[in-house]
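Fold and contact review
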Amino acid sequence: MSKVFGPASPKQKMILESKAQILIIGGAAGCLSKDHEVLTPSGWIKISEWSGQDILQYDKATGEAKFIPPLEFVKLPCEKLTRIEGNGICQELSDEHTVLFKEDYHTPPKTQLFSQIAETHKNSSGGWEGKFITTFNYSGAGLDLDDETIRERVLCGEITEDYYNCSRHQLDVIMDAIISQGGMYTSSNKSTADFIQFVVSCFDYESSLKKTGSEYIVNVNVNGESLKALNDKEKVALKEFIPTDGFKYCFVTQTGFFVTRLEDCVVVTGNSGKSYLLQLMPLAYVDDPQTACIMFRRTTPQLTGAGGLFDTAKSIYLQLDKEWKPKFREKALEAIFPSGAKVLWRHMEYENNKLDHQGLQYTFIGFDEGRTVCSL
């Protein structure tokens, strides 16, 4: 087996080194603890209490966030999660969780399994060097209110849940009002403070939300760091624990990423890691110039969308050393490795699509979400 890209956990090692000719990878889709919150059009709710609302989903390619329905809600038994707390970060994640991060403000986002991050953070004296994304670009349909009315109501704390539908211009008005008060907003109402924190997260500013006595205080630092690192001021400790309810939670989203919060620390997070693992498997064969691997998903948009198989593969393969790094053919949905090996991505939406591959030879065939693909 090529040592191009190593497994991230004992389970992945077992799968990647398996000699089975047919291998089904299932389960392990949950990512977060029950106390993580997700943002709905009416405010934050615990992920464990979600009941069909739209959630704020994040587009990795554009940085934009929108309230749209998730494709699926996942709740699975769980024996272990890991808590991250410090440097403005608070998360409780499973090993197979997909983390979205940046190396700096000028590079595009990347993804990595949390188990890999935890291993690097543990074994490096300086810790893992990636930075968590805590802000996003959002614009709602807008409220039927003039700028002065919005400003006055915000400064008086007269905020209702429909304010989450503010347009970008109206968010600018609110942000200017907050900054005019010295970048600090105080309220005795947690829902009001939650909305103000949301507004700040729509801009590339550093913020915090804390309770002091009976007051909730949102602080804005326009010169601060909105990207949060595990090794910023100190190396953050990672602590494993058993979830009190015995479960982990996640969504399958249309974009592959969504906005979450734990103990008032906002972060953009990803789906589970099954698709990630599937993209690792062809790397066992890419040193052979005769290799031709193919990946199937039911529809082309599921292949090419943000967080889809092709996007996931690029985030992995472009991190390879130069001697292994492939060239991507975007229109053809192909990766050509220096050896000549190929990995292809194709849809299988209709029964007769299988005829497109009749008589062809493939080294490896992978199906993502096989239950959605027509019978072959």
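Residues numbered from 1 in each chain as written. Predicted model: local features only at pLDDT ≥ 70, side-chain atom pairs only at ≥ 80, totals over all residues. Heavy atoms only, no water.

**Quick look at the pairing of strand β14 (residues 215-221)**
Sheet faces and side chains relate simply in a regular strand, where the side chains alternate between the two faces. This is how the line gets drawn: Whether two strands pair comes down to DSSP finding at least two bridges between them. Going along the chain from the N terminus, every DSSP run of H or I of four or more residues is numbered as a helix, and every run of E of two or more is numbered as a strand.
By the bridge criterion, four bridges tie strand β12 (residues 184-187) to β14 in an arrangement that is antiparallel. Looking across to β14, one finds that T186 is bridged to I217. Between strand β13 (residues 206-212) and β14, which pair antiparallel one after the other, the connecting turn spans two residues, and G213 there sits at a positive phi close to 65°.

**What to know about the sheet that holds β13**
Condition: All axes here are fitted lines through C-alpha atoms, helices being fitted over the stretch that makes contact, and every angle between N-to-C directions spans 0 to 180 degrees.
With antiparallel pairing, the three strands of this open sheet are ordered in space as β12-β14-β13. With one partner strand each, in any of the chains shown, β12 and β13 form the two edges of the open sheet. Here the average twist between neighbouring strands, direction ignored, is 15°. Of the pairings in the sheet, the one linking β13 to β14 comprises seven bridges and is antiparallel in character. Bridge pairing links T212 to E215 in β14.

**Observations regarding the pattern of salt bridges**
Going by this rule: Criterion for a salt bridge: a side-chain nitrogen of Lys or Arg within 4 Å of a carboxyl oxygen of Asp or Glu. Buried residues are those whose accessible area, probed at 1.4 Å on protein chains only, stays under 20% of the maximum for their type, while exposed residues exceed 50% and partly exposed ones sit between those limits.
This structure, assessed with the given rule, holds 19 salt bridges. Where E85 meets R83, a salt bridge forms, and the shortest distance between an N and an O atom there is 3.1 Å. According to the relative accessible area criterion, R83 is buried, its value standing at 16%. Of the charged contacts in the structure, one is a salt bridge between K190 and D194, with a shortest N-O distance of 2.7 Å. Of the two residues, K190 and D194 are both situated in helix α5 (residues 190-201); the distance of four residues between them amounts to about one turn of the helix. Classification of K190 as partly exposed rests on a relative accessible area of 24%.

**Let's talk about a negative patch on the surface**
Selection rule: The patches described consist of residues with a relative accessible area above 30% and no salt bridge, like charges being joined within 9 Å and nonpolar side chains (Val, Leu, Ile, Met, Phe, Trp, Tyr) within 5 Å. Under the convention used here, a 1.4 Å probe and the Shrake-Rupley method define accessible areas, while residue burial counts only the protein chains that appear. Note that His is not counted, nor are the chain ends; the positive residues are Lys and Arg, and the negative ones are Asp and Glu. In plain terms, the charge of a residue is placed at NZ if it is Lys, CZ if Arg, CG if Asp and CD if Glu.
Where like charges cluster on the molecular surface, the negative patch consists of D146, D147, E148, E152 and E158. We classify E152 as partly exposed; its relative accessible area is 44%.

**Here's the deal with α5**
Condition: To estimate the expected span of a helix, count its residues, drop one, and scale the result by 1.5 Å. Pairs of N or O atoms are called polar contacts if they sit within 3.5 Å, as long as, within protein, a hydrogen donor faces a hydrogen acceptor (for residues adjacent in sequence, only side-chain-to-side-chain pairs).
With 12 residues, α5 should reach 16 Å at 1.5 Å per residue; the first-to-last C-alpha distance of 16 Å fits that figure. Here α5 lies mainly inside the structure; 10 of its 12 residues are buried. Among the residues of α5, T192, A193, D194, F195, I196, Q197, F198, V199, V200 and S201 are the ones counted as buried. Backbone nitrogen of S191 and a side-chain oxygen of the N-cap are separated by 2.8 Å at the start of α5; the cap is N189.

**Section: the sheet that holds strand β16 (residues 238-241)**
One key point about sheets: their strands pair by backbone hydrogen bonds, in either a parallel or an antiparallel sense. Sheet architecture is open: three strands sit in the order β7-β6-β16, paired in antiparallel fashion. Strands with a single pairing partner mark the edges of an open sheet, and in this sheet they are β7 (89-93) and β16. On average, each strand axis in the sheet is tilted by 20° relative to the strand beside it, whichever way the strands run. Summarising the sheet, strand β6 (residues 81-86) and β7 pair through five bridges and their orientation is antiparallel. When the bridges of β7 are listed, R83 appears paired with E92.

**A short note on the packing of helix α3 (residues 147-155) against helix α4 (residues 168-180)**
Put simply, the test is: An angle counts as roughly parallel when it lies under 35 degrees, as roughly antiparallel when it exceeds 145, as roughly perpendicular when it falls between 65 and 115, and as oblique in every other case. For a crossing to be left-handed, the near helix must be turned anticlockwise from the far one by less than a right angle; the clockwise case is right-handed. We call two residues in contact when some of their heavy atoms are within 4.5 Å. Note on residue classes: Ala, Val, Leu, Ile, Met, Phe, Trp, Tyr, Cys and Pro are nonpolar, Asp, Glu, Lys and Arg are charged, and everything else, Gly too, is polar.
As a packed pair, α3 and α4 sit with axes 9 Å apart at the nearest point and diverge in direction by 45°. With respect to α4, the element α3 is oriented oblique. The handedness of the crossing between α3 and α4 comes out as right-handed. Between α3 and α4, the contacting residues are D147, I150, R151, V154 and L155 on the first element and H169, Q170, V173, I174, D176, A177 and S180 on the second. Here the residues of the contact of α3 with α4 are counted per class, giving six nonpolar, three polar and three charged.

**A short note on the nonpolar core**
The test is simple: Here, nonpolar core refers to any group of buried Ala, Val, Leu, Ile, Met, Phe, Trp, Tyr and Cys residues whose side-chain atoms link them within 4.5 Å.
In this structure, L56, F136, I174, F195, I196 and F198 are the most contacted members of the largest nonpolar core, which totals 39 residues. Looking at this core, the elements that each hand over two or more residues are β3 (55-58), β4 (64-68), α3, α4, α5, β14, β18 (257-262) and β19 (265-270). With six residues, α5 is the single largest residue contributor to this core. If you look at the next biggest cluster of nonpolar residues, it comprises 25 residues, including I55, A118, C250 and V267.

**Focus on α4**
Helix length check: α4 (13 residues) gives 18 Å between terminal C-alpha atoms against 18 Å at 1.5 Å per residue, within 8%. Among the residues of α4, Q170, L171, V173, I174, M175, A177 and I178 are the ones counted as buried. In this fold, the buried residues of α4 make contact with β11 (137-138), α3, β12, α5 and β14. At the exit of α4 stands G182, carrying a positive phi of roughly 85°.

**Topic: the packing of α4 against α5**
Where α4 contacts α5, the axes come no closer than 10 Å and their chain directions differ by 105°. Here α4 lies roughly perpendicular to α5, going by the angle between them. Here L171, I174, M175 and I178 of α4 lie close against α5, whose contacting residues are F195, I196, F198, V199 and V200. For the contact of α4 with α5, the per-class residue count stands at nine nonpolar, no polar and no charged.

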